[in-house]
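If you want the building blocks of each chain, they are given just below.
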Amino acid sequence: MIDYKKLGLVNTREMFKRAINGGYAIPAFNFNNMEQLQAIIKAAATKKSPVILQVSKGARQYANQTLLRYMAEGAVEYAKELGCNHPEIALHLDHGDSFETCKSCIDMGFSSVMIDGSALPYEENVALTKKVVDYAHQYDVTVEGELGVLAGVEDEVSHAESHYTKPEEVIDFATRTGCDSLAISIGTSHGAYKFTPEQCTRDPQTGRLVPPPLAFDVLDAVMEKLPGFPIVLHGSSSVPQEEVDTINKFGGKLPNAVGIPEEQLRKAAKSAVCKINIDSDSRLAMTAAVRRVFAEKPGEFDPRKYLGPARDNMQKLYEHKIVDVLGSENKLANLD
Ligand SMILES: [Zn+2]
């Protein structure tokens, strides 16, 4: 049993409380390699933002769970080295699919886990989430549950259609499971193709796809039922068109990729939404930078020469999210 507190990590309880009261959201960035982790930590340390490092089941398989855990431990020390003396870093399992996966992460030093029972019948979701909460809380690990189904594809999580969270279920779910935060479905979606062109309108000026707005009425109804309860949005990449354009210009093929407009996320961040998950945007930033180097310098074969620019581009993206979208800059409890 590894105690995450000994690794210098924190759970999400205090950071969420402050985020709700302060009207901002904590960034939850997925990582599965060193450059991504470096970019996340550099951005969070520079901007003095709390941050959630997310690891999916697919990332654990890709990078090795032991290595990822030590990388997170190293991230705390790296943040200090960068001049951030009191970093607030949570290590979180994204989309835990079973009690066993959650338990294994908790035992290995994660400070927070998600148990995603959203595809199960309601009573089974309640029972599974409660089982994880009962285990996690023994070690002061926080737990995120989910109600409602997001459309889109993310690693092994995939659904063709979304089903909005039913506000009438949230009190019963939160009370009976004891979960610390709740992921809800209000129209965000996993992946870089969040909406089909048929679901969008077109901007007459630019010809770009304009996605449908998020269901803020559902969010408002959830907040009314559970005042002050931490709400989580998954699938909240904005799919920056300049990155998509760069990818397509240099040999990529991402037609009609579309995400959640940043002004909608800004609005959500000011509410009880206190954790916003961003994964696809960093994938796009990385891919765009790598494709540019490959196209402009075809003789280059030193990975540092293309992964370095990729890392820089991701850091820029993370800082932009922290400062301009989520509002979590300078929100560490101790800014010294
Ligand atoms: Zn997700």
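As a reminder, the structure under discussion sits directly above these lines.
Right, let's talk about the overall build of the chain for a bit. Each helix and strand in the chain was counted, giving twelve helices and 13 strands. The C-alpha radius of gyration computed for the chain amounts to 19 Å, which stays within 12% of the reference 20 Å derived for 336 residues, consistent with globular compactness. Principal axes of the C-alpha set define a box for the chain whose edges measure 60 × 45 × 35 Å. Relative to its 336 residues, the chain shows a buried fraction of 51%.

At a minimum axis distance of 8 Å, the contact between helix α11 (residues 280–296) and helix α12 (residues 303–326) shows a crossing angle of 145 degrees. Two packed elements cross with a definite hand, and for α11 against α12 that hand is right-handed. Residue-level inspection shows Asp281, Ser282, Ala285, Met286, Ala288, Ala289, Val290, Val293 and Phe294 of α11 in contact with α12, the latter providing Lys305, Tyr306, Pro309, Ala310, Asn313, Met314 and Leu317.

Read once around its circumference, the closed barrel built from eight strands follows the order β1-β2-β3-β4-β5-β8-β12-β13, with strand pairing classed as parallel. Averaged over neighbouring strand pairs, the angle between their axes works out to 25 degrees when direction is ignored. Pairing analysis gives six bridges linking strand β2 (residues 51–56) to strand β3 (residues 89–96), with the strands arranged parallel. Following the sheet pairing, Leu53 is matched in β3 by Leu91.

Moving on, we come to the pairing of strand β8 (residues 181–184). Along any regular strand, the residues point their side chains to alternate faces of the sheet. What you see with β8 is no split at all: Ser181 and Ala183 on one side and Leu182 and Ile184 on the other are buried throughout. Alignment of β8 against strand β12 (residues 231–233), held across two bridges, turns out to be parallel. By the bridge assignment, Leu182 is partnered in β12 with Ile231.

A positive phi angle, near 50 degrees, is found at Lys48, a position not held by glycine. Checked against the element boundaries, Lys48 lands in the loop between α2 (34–46) and β2. Taking the number of C-beta atoms within 10 Å as the measure of exposure, Lys48 has 21 and is therefore buried. Although it is not a glycine, Asp140 sits at a positive phi angle of roughly 60 degrees. When you line up the elements, Asp140 lands in the loop between α6 (122–137) and β5 (142–147). On the neighbour-count criterion, Asp140 (13 C-beta atoms within 10 Å) is partly exposed.

This part takes up the packing of helix α5 (residues 99–107) against α6. Closest axis-to-axis distance for the α5/α6 pair is 10 Å, and the angle between their directions is 15 degrees. By the angle between their directions, the pair α5 and α6 is classed as roughly parallel. The element α5 and its partner α6 pack so that their crossing is right-handed. Every residue of α6 that contacts α5 at Phe99, Cys102, Lys103 and Ile106 is listed here: Leu128, Lys131, Val132, Tyr135 and Ala136. Grouping the constituent residues of the contact of α5 with α6 by class yields seven nonpolar, no polar and two charged.

For the rest of this paragraph, the subject is α6. For α6, which comprises 16 residues, the first-to-last C-alpha distance of 22 Å matches the rise-based estimate of 22 Å (1.5 Å per residue) to within 8%. If you check which residues of α6 are buried, you get Asn125, Val126, Leu128, Thr129, Val132, Val133 and Ala136. On its buried face, α6 is in contact with α5, β4 (112–115), β5 and α7 (170–177).

What follows concerns the pairing of strand β1 (residues 26–30). Within β1, five of the five residues are buried, which leaves the element mostly enclosed by the surrounding structure. Of the two faces of β1, the one carrying Ile26, Ala28 and Asn30 and the one carrying Pro27 and Phe29 are both buried. Inspection of the sheet shows β1 paired to strand β13 (residues 273–278) by four bridges, in the parallel sense. Residue pairing for β13: Ile26 is matched across the bridge by Lys275. Sheet analysis places β1 next to β2, joined by three bridges and oriented parallel. Its bridge partner being in β2, Ala28 is matched across the sheet by Ile52.

Its location among the elements puts His137 in helix α6. For His137, a count of 14 C-beta atoms within 10 Å translates into the label partly exposed. The sequence separation of His137 and Gly178 amounts to 41 residues, and the corresponding C-alpha distance is 9.4 Å.

Turning our eyes to something else, we now look at the environment of Tyr135. By the element assignment, Tyr135 lies in helix α6. Its 17 C-beta neighbours within 10 Å are what place Tyr135 among the partly exposed residues. Each C-alpha atom of the pair Tyr135 and His86 lies 28 Å from the other, and the pair is 49 residues apart in sequence. Setting aside residues no more than four positions away along its own chain, Tyr135 makes contact with Lys103 and Ile106.

Definitions and cut-offs
- Residues numbered from 1 in each chain as written.
- Predicted model: local features only at pLDDT ≥ 70, side-chain atom pairs only at ≥ 80, totals over all residues.
- Helix = DSSP H or I, 4+ residues; strand = E, 2+ residues; numbered from the N terminus.
- Rg over C-alpha atoms; globule rule 2.2 N^0.38 Å.
- Buried ≥ 20, exposed ≤ 12 C-beta atoms within 10 Å, placed from the backbone.
- Axes fitted to C-alpha atoms, helices over the stretch in contact; angles between N-to-C directions.
- Left-handed = near helix turned anticlockwise from the far one by under 90°.
- Contact = placed C-beta atoms within 7 Å.
- Pairing = 2+ DSSP bridges.
- Parallel < 35°, antiparallel > 145°, perpendicular 65-115°, else oblique.
- Nonpolar A, V, L, I, M, F, W, Y, C, P; charged D, E, K, R; others polar.
- Expected span 1.5 Å × (residues − 1).

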